[in-house]
Amino acid sequence: MPEEPQKLRPHPARRRDASLARFTPALVGYAELSVTSNFTFLRGASHPEEFVERAAAFGHRAVAITDTNSLAGVVRAHVAAKNAGLPLVVGCRLALQDAPDVLVYPADRSAYARLCNLLTLGKRRAPKGECRLDLHDLIDHSEGLLAILCPSRTLDERALEIARGLRRVFDDDRLSIAAFRGYGPSDAERLAQVAALAEHANVPLVATNHALYHHPDRRPLQDVLTCIRHGLTLDSAGYRLEANAERCLKPSEEMARLFAEHPAAVARSAQIAERASGFSLDELRYEYPDEPCPPGLSPDAYLRRESLAGAERRYRGAVPERVRAALEHELALIEELGYAPYFLTCYDIVSFARSRGILCQGRGGAANSAVCFCLGLTEVDPARAHLLFERFVSRERREPPDIDIDFEHERREEVLQYVYERYGRERAALTAEVISYRGRSSVREVGKAFGLTPDAIDALAKNLDHWGEAISPKRAGELGLDPRGGVIRQVIERSRELIGFPRHLSQHVGGFVITRGRLCDLVPIENAAMEDRTVIEWDKDDIDAMGMLKVDCLGLGMLTCIRKSFELLEGVGVRGERGDRLSIAEVMGEEQDDDAVYAMVSRADTVGVFQIESRAQMTMLPRLRPREFYDLVIEVAIVRPGPLQGGMVHPYLRRREGSEPVDYPSPEVREVLERTLGVPLFQEQAMQLAIVAAGFTPDEADGLRSSMAAWRKRGNAMVQYGRRLVSGMIAGGYEREFAERCFEQLKGFSEYGFPESHAASFAILVYVSAWLKRHHPAAFAAALLNSQPMGFYQPAQIVRDAREHGVPVRAVDVNASGWDCSLEPGEELLGDRQADHDPATWGAGGPALRLGMRLVKGLPEDDARRIALAVRERGRFRTIESLWRASGVSTRALRCLARADAFGSMGLDRRRALWQIKPLRDESLPLFESVDATSEEGLQRLPEAPAAERVLHDYGAVGLSLRAHPVSFIRDRLERRGVVRAEALRDERAQPHRSKAAVAGMVLCRQRPGTASGVVFITIEDETGIANLVVWRDVFERYRRVARLSNLLLVRGTVERAGEVIHVHARHLEALDAEIPTLVSLGRDFR
Amino acid sequence: MGAARIERHDPVRERAALRALAQWATRFSPLVAIDEPDGLRLDVAGCAHLFGGEPRLRRTVERRLERLGIASRVAIAPTYGCAWGVARFAPPERRLVEPGGARDAIAPLPARALRLPESLVSDLDALGLHRVGDLLDLPRSAATARFGPELSSRLDQALGQAFELIDPVRREPPVARERLFQGPTTQTEAIEHAVRELLAETCRELSRRDAGAQLVSVELIRSDLPPLTIDLRVSRPARDPRRLWSLLAPKLERAHLGFGVEGVRVRAGDVGRVRHEQSSRWTSDERADREALRREAAELIDTLAARFGGDRVRRAALAESHRPERAVRWSSALEPEPPEAPPAPADRPTALLDRPVPADVLALTPDGPVHRVRFGGREHEIVRCVGPERLAPEWWRRAGSTRDYFAVATSEGRWLWVARSLETGRWFVHGIWA
């Protein structure tokens, strides 16, 4: 699973312990009411929280955030303002189609709802990212809004008419007219005109500075944003740029000086702010939907009924006492906190998925709940696991629980549409995802604004890592660009400022917000880029900060793969107990301790298996040697940055191997840590330890957990908890040394540690997929191929792995393949049946794997299905022409198939098939009709293709070859250069620890784990297997180009052996791509 | 060897160079054709013996090209198709194909040696038909059904079984006229008369070619001195003999004739196309007026340039920049006019001083108003003041200082544009309203 991408700029709500700025109001009462933040994309040049902090430092009475037609930045500002102790004025600049801009601020909760509705109206009728509103729309929604009219450039009769009209609408002194002094050409004159307009219309003036940035230093960035917006360079943007740096926040005294002739206008700003503070985002009450509950039954009663019924079903009438107690405990807490509707909403969604045969499973904290298990939301059996409900629902935290549910990735859309349908688009929408500028995108856009040539921009951007590295003088210097030179230095500085700026709103992968009332009373809703999707303006962090419910409906490839495996097995007669399709519960329930599965896993024979197929996991498996299900839970959790950094892995492994004694200072601690041999590996253990050893309440323990999560950013709270933890443990009779060691370990994995419940949910999928791989390798491989793209490996490796396990694999063929890969009757077994000790026999005697046409590059699914249908109806075809006429597919599709060599059953190889297709014409040309296309004339004249060419074409058209490995064709040359085969590394006598070796192969993947301090792991493959390379930072930097871009590598280095784990530590890298010129890009980079 | 120099690919210049090379190559054969984008074809039938036979001709061409600094591949073959392929794909020792040897010469070459489109070549490659020889063996009807007639016709052309026409370049002689006198003369009238006549002839020739010249050179062949060349450069291609003469005459007057001039030569350079002069009846009046104005301005520029030298006549144009000194740009008047920029967003002085002049200014507060300005050795009482307008530097160029500008009216009714640098606090005058 890829790491959650690092937040470029943490949401203010995540900076829990942000020090409270001391806020002293200035003597002059002023509040800036016209503030365009960077949530008005490509216009505002500061973050909302930067405005808030600077306004607080100036002692302004309040600050507004008024982004154009948007409330996307207000939650961040709200949180920051609370931290700073400064009132926030929620507002918005309405850009109207038929009138000058109007700034509006809700004065109460219902006016806020009207504003949200107004924006929703404008957005829903416009394409994504736009908003169309007229003056009369504003008038319809004007009740309770305070407004500031920004007068148009020319102050004519129409301007006066609009001002007078608005004054009637915004009665009760709710309208003002904006006065502005930006050091333009004739400020004083303009101000006098605006003042005259205000007087004629009988509307008070209000002083504003129409801020675009919080500090004058941001003017250059604002100019660059203007260039990006217009697609111009700084030199050509001309008067589109601002003439000076005055559009910043200014101290109150400065505003008073600028408006010395209109002191009332300054005072008016504070009055408006005062009136607008009649509304705060804190007032928004979120309410759970009540649909999922049948009429006449309270949500709590219904939840109780369904949970208990679920428990009966799960345990077949024999519910363990422990589970019963857990249920009672949880139901009581859920009732107390009023969360029942939330559980029922998730239950409703999952029930729908089940009814459609869509596999799903909850992950994360929810798996800590017996209620969730009994409702079928999660699969972790509370009778076997150690649940800690407070990790999931906490009385003290007062945050809504967060249930994430994984669905089959290919069928998640059905679930999403169900939610829209059931709750309606007024009440359900996806959460937004703020897409921000990152290292590469920022240098590209900024470079263009500076007029760098496309080549230079491309070189600068490509020289940055995928990991969001920011442009730096070093990287620019590597390209021969002088980083001290004016332009390049400016590009670097501006790019770095731009990183973290929002560039547009996208949709979150699956986070739904559902409300009882209208959602558009809480937040504006807009259209998404995808049809049939609607998205709110706030992202996940905003939602959290506002305490709103979110159900994450995520897509998980492995669930698709498992469902497809079960389907394929059903087709060949492998079924569950009751003769129906196998299920996860059945595999888990019956055979959870299948030794053959653990034996396979312990050998790191895990290509394709969920989670534990990664390079890091594979090196851990032979050392951990899982023997039972719980070992898989540990395996999933342990190969994570947290435990690796916290130094827990090695003590755990030593203890497991018996080379280090396991001791516990007390029976209570033993109870908590016994299952992980005294080493805390999970968040839950940290919490339990705090409870049993340091006397924390469960809620306090959760506070410890959440402070751990923020430790790296700001350590204060964590240190406080730490002091309490240590003193609590000492008071409880523990040695100081033990207490401090515990604390250090907790700190180590705090940020990245898995909760045990999450690891347990994933371990279930690990077990089920491993079980399928061990006992049904053909079906598992077929399902993996049919679920691509997913997982770590390309089809070539999956097929290779299947063949190594004795699965007969058959090539794509028009007369035998469907769109998907399928199972065919296998070969008769002559010799021994399967032998446990020999993986090469596991697939023998079982079904054969027929590759599907989905592997054929460029072939449309529809064409493939038509061919399969024609074969089903008419039997096998003998000539391409007859197939073509019967199926009606295009010749383009036939050519794709010919390139994939899929006409073998007609006796035509790739070249001959292409030759036969060539005269066929999609549009019927009577003149050509006379040409006998089926004639075999010329067929014998075609030269035979050399073996290497066939293999390379196989790779090019199907992504794999059943014939040979490309490296085998240059083996002679490699041998002359002293390169050994990958399998030779396994021979310890030939290649002892620390011996020198050279290997060569195709690059399968490159990884740079966040924890490994710049080490890059590269996996290469030759005809005998894979070799794992470790490339240290200095070597990587030296061979940067080759290491990042080459597809075929020759590596010289040192063999490092640790048990069965073999690595080659690279010293020297060489690109061999030129040796096989047509070898296309097959590797998968840096995931 | 020097370091590599990288130049931008310029297809237009490249084509022009190839055309020039084709002219050059007419020394080997009267029939030279351009073969875009990078080849020339010469019909050398009957010419080779003039150069000592085909092998020597081939070597001569190669060597001469080398002397021009051009690397080349030269082949001689019985058919053009064969020569094309052999020149590009065969090793040097096989680039001379005897009559009857075309088939053997092309068989080992890759298929693209037949001048086939790239898509067809990749189709053939996919079938394993990599070499011309593979194609020679194919049954023609089956091949045509698959690859269309082009493959067959290219094969035939290479083998000499089909004709191929050559479209030779014509030599366009330079426009030049010459007149020799009976003997050396110092009579200005005679010389002038001759030049005017030649100029008229030259213009007639230019008109015949729908062309005009931007450079007219008059060469005086002097009896005891090296020839004297007088160049006239004009802003647009021209062919009006009277106008050209009016510009040339003053230059000719100043010419040093020495002991006598034996002859004159007039040559038109930088020849470019000129559209036929249209009667204004066909265009709208406004456009015609604008065009007329433009023509008159061009004539004025030419007159001035002829008097003072082309580099001394400059044109001012508005440029889009907040920075006053960058809001006007000067360029040579003989260069094409830059596109029009929008006017400044605010009123600007009619005259901007090249260099801001330091001034003593009395203002009570930094934001004005200005009360008094000492400028040009005089004290000015200020009666009106508009500003400040704050203009920040174009930070991406060289950092400068932000300035506050004031438009101020003196008691005499003159308006000055004064500014204060925010960095130094110094005042200066930057412009004047006329």
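For clarity, every value in this text was computed on a predicted model and none was experimentally measured.

Time to look at the overall build of chain B. Tallying secondary structure elements over chain B gives 11 helices and 15 strands in all. For chain B, the C-alpha radius of gyration of 34 Å lies well beyond 22 Å, the compact-globule estimate for 434 residues. Counting only C-alpha atoms, chain B reaches 100 × 70 × 55 Å along its principal axes. Taken over 434 residues, chain B has a buried fraction of 41%. Here the contacts in chain B between residues at least 6 apart in sequence split such that 52% fall between residues at least 24 apart. Just so you have it, chain B exposes about 25,800 Å², and 51% of that area is on carbon and sulfur atoms. For chain B, the distance from the average site of its 69 positive side-chain charges to the average site of its 62 negative ones is 2 Å.

Further remarks concern the nonpolar core. Residue and element names in this part refer to chain A. Membership of the largest hydrophobic core comes to 158 residues, with the highest contact counts inside it found for Ile-584, Leu-851 and Phe-903. If you tally residues by element for this core, the top one is helix 34 (residues 756-775), at 12 residues. If we skip the residues at most four places from it in the chain, Leu-851 touches Leu-785, Val-799, Val-809, Arg-810, Ala-811, Val-812, Ser-817, Cys-821, Leu-960 and Leu-962. Core analysis: the next-biggest nonpolar cluster, separate from the first, contains 141 residues, Phe-58, Leu-160, Leu-284 and Ile-536 among them.

Let's shift gears to the sheet that holds strand 11 (residues 502-514) of chain A. Residue and element names in this part refer to chain A. A sheet is described by the order of its strands in space; here 7 strands give the open sequence 8-9-14-11-10-13-12, paired in mixed fashion. Two strands close off the open sheet at either side, each with one partner strand: strand 8 (360-363) and strand 12 (525-527). Neighbour-to-neighbour, the strand axes of the sheet open up by a mean angle of 45°, direction not taken into account. As paired strands, strand 9 (residues 403-408) and strand 14 (residues 551-556) are joined by 6 bridges and run parallel to one another. The residue of strand 14 that forms the bridge with Ile-403 is Val-551. This element, helix 34, spans strand 8, strand 9 and strand 14 of the sheet and lies at about 150° to strand 8.

Bringing the domain arrangement of chain B into the picture now. Domain assignment breaks chain B into domain 1 (12-159), domain 2 (176-273) and domain 3 (351-433). For domain 1 of chain B and domain 3 of chain B, the distance between their C-alpha centroids amounts to 73 Å.

This part takes up helix 13 (residues 340-355) of chain A. Residue and element names in this part refer to chain A. The end-to-end C-alpha distance of helix 13, which contains 16 residues, comes to 22 Å, matching closely the 22 Å that a straight helix rising 1.5 Å per residue would cover. Across the 16 residues of helix 13, 13 count as buried, placing the element largely inside the fold. Count one or two residues on from helix 13 and you reach Gly-357, which has phi positive near 75°.

The next thing to look at is the pattern of salt bridges. By the definition in use, this model includes 100 salt bridges over all chains. Two residues, Asp-187 of chain A and Arg-181 of chain A, come together in a salt bridge whose shortest N-O distance is 3.9 Å. With a relative accessible area of 11%, Asp-187 of chain A lands in the buried category. On the accessibility criterion, Arg-181 of chain A (15% relative accessible area) is buried. In this structure, Glu-328 of chain A engages Arg-304 of chain A in a salt bridge whose closest nitrogen and oxygen atoms are separated by 3.1 Å. Taken together, the residues Glu-328 of chain A in helix 12 (residues 321-337) and Arg-304 of chain A in helix 11 (residues 299-314) connect sequence positions 24 residues apart. Given the relative accessible area of 31%, Arg-304 of chain A is considered partly exposed. Residues participating in the shared-partner salt-bridge network are Glu-246, Lys-250, Glu-254 and Arg-257 of chain A together with Asp-367, Arg-390, Asp-404 and Arg-420 of chain B.

Residues and elements named next belong to chain A. With 91% of its residues at a pLDDT of at least 70, chain A reaches an overall mean of 85. Least confident of the elements in chain A is helix 41 (residues 926-929), whose mean pLDDT is 48; most confident is strand 4 (residues 102-106), at 97. Note on residues 16-20: pLDDT is under 50 here. Beyond four places in sequence and across chains, it has 8 contacts. Contacts of residues 926-930 to residues separated by more than four positions or lying in other chains number 3 contacts, the stretch itself having pLDDT below 50.

Turning our eyes to something else, we now look at the sheet that holds strand 1 (residues 31-32) of chain A. Residue and element names in this part refer to chain A. The 7 strands lie next to each other as 1-2-3-4-5-6-7, forming an open sheet whose pairing is mixed. This sheet does not close on itself; its edge strands, each paired only once, are strand 1 and strand 7 (205-208). As paired strands, strand 1 and strand 2 (residues 62-68) are joined by 2 bridges and run parallel to one another. Residue pairing across strands places Glu-32 opposite Val-63, the latter belonging to strand 2. Against the sheet, helix 2 (residues 74-84) makes contact with strand 2 and strand 3 (88-94), and its axis sits at roughly 160° relative to strand 3, the strand it touches most.

Now for the packing of aromatic side chains. A ring pair, where both rings are aromatic, is described by two values, the distance of the centres and the angle of the planes. Scanning all chains against the criterion turns up 21 aromatic pairs over all chains. The interplanar angle of 50° and the centroid separation of 5.9 Å between the aromatic rings of Tyr-315 of chain A and Phe-373 of chain A together place this pair among those described as tilted. Taken together, the residues Tyr-315 of chain A in the loop between helix 11 and helix 12 and Phe-373 of chain A in helix 14 (residues 370-375) connect sequence positions 58 residues apart. For the pair shown, Tyr-315 of chain A and Phe-373 of chain A are each scored as buried. Ring pairs connect the aromatic residues Tyr-286, Tyr-288, Tyr-339, Tyr-342 and Phe-343 of chain A, which therefore count as one cluster. One cation-aromatic arrangement involves Arg-314 of chain A over Phe-373 of chain A; the distance from NZ or CZ to the ring centre is 4.0 Å. Seen from the ring of Trp-395 of chain B, Arg-494 of chain A lies directly overhead, with NZ or CZ sitting 5.6 Å from the centre.

With that settled, consider the side chain of Asn-209 of chain A. All names here are of chain A. Summarising the element assignment, Asn-209 is placed in the loop between strand 7 and helix 7 (219-230). Looking at Asn-209, its side chain comes within polar contact range of the main-chain oxygen of Cys-248, at 2.7 Å. Excluding residues within four positions of it along the chain, Asn-209 makes contact with Tyr-30, Glu-32, Phe-180, Arg-181, Glu-246, Arg-247, Cys-248, Lys-250 and Met-255.

Conventions and cut-offs
Residues numbered from 1 in each chain as written. Chains lettered and ligands numbered in written order. Predicted model: local features only at pLDDT ≥ 70, side-chain atom pairs only at ≥ 80, totals over all residues. Heavy atoms only, no water. Helix = DSSP H or I, 4+ residues; strand = E, 2+ residues; numbered from the N terminus. Rg over C-alpha atoms; globule rule 2.2 N^0.38 Å. Buried < 20%, exposed > 50% of the residue type's maximum accessible area, 1.4 Å probe, protein only. Contact = heavy atoms within 4.5 Å. Areas by Shrake-Rupley, 256 points an atom, 1.4 Å probe, with all protein chains shown as cover. Lys, Arg positive; Asp, Glu negative; His and termini not counted. Charge placed at Lys NZ, Arg CZ, Asp CG, Glu CD. Core = buried A, V, L, I, M, F, W, Y, C linked by side-chain atoms within 4.5 Å. Pairing = 2+ DSSP bridges. Axes fitted to C-alpha atoms, helices over the stretch in contact; angles between N-to-C directions. Domains from an automatic or database assignment. Expected span 1.5 Å × (residues − 1). Salt bridge = Lys/Arg side-chain N within 4 Å of Asp/Glu carboxyl O. pLDDT = per-residue confidence, 0-100. Phe/Tyr/Trp six-rings, centres within 6.5 Å; stacked < 30°, edge-to-face > 60°. Lys NZ or Arg CZ within 6 Å of the ring centre and 35° of its normal. Polar contact = N/O pair within 3.5 Å; in protein donor to acceptor, adjacent residues only side chain to side chain.

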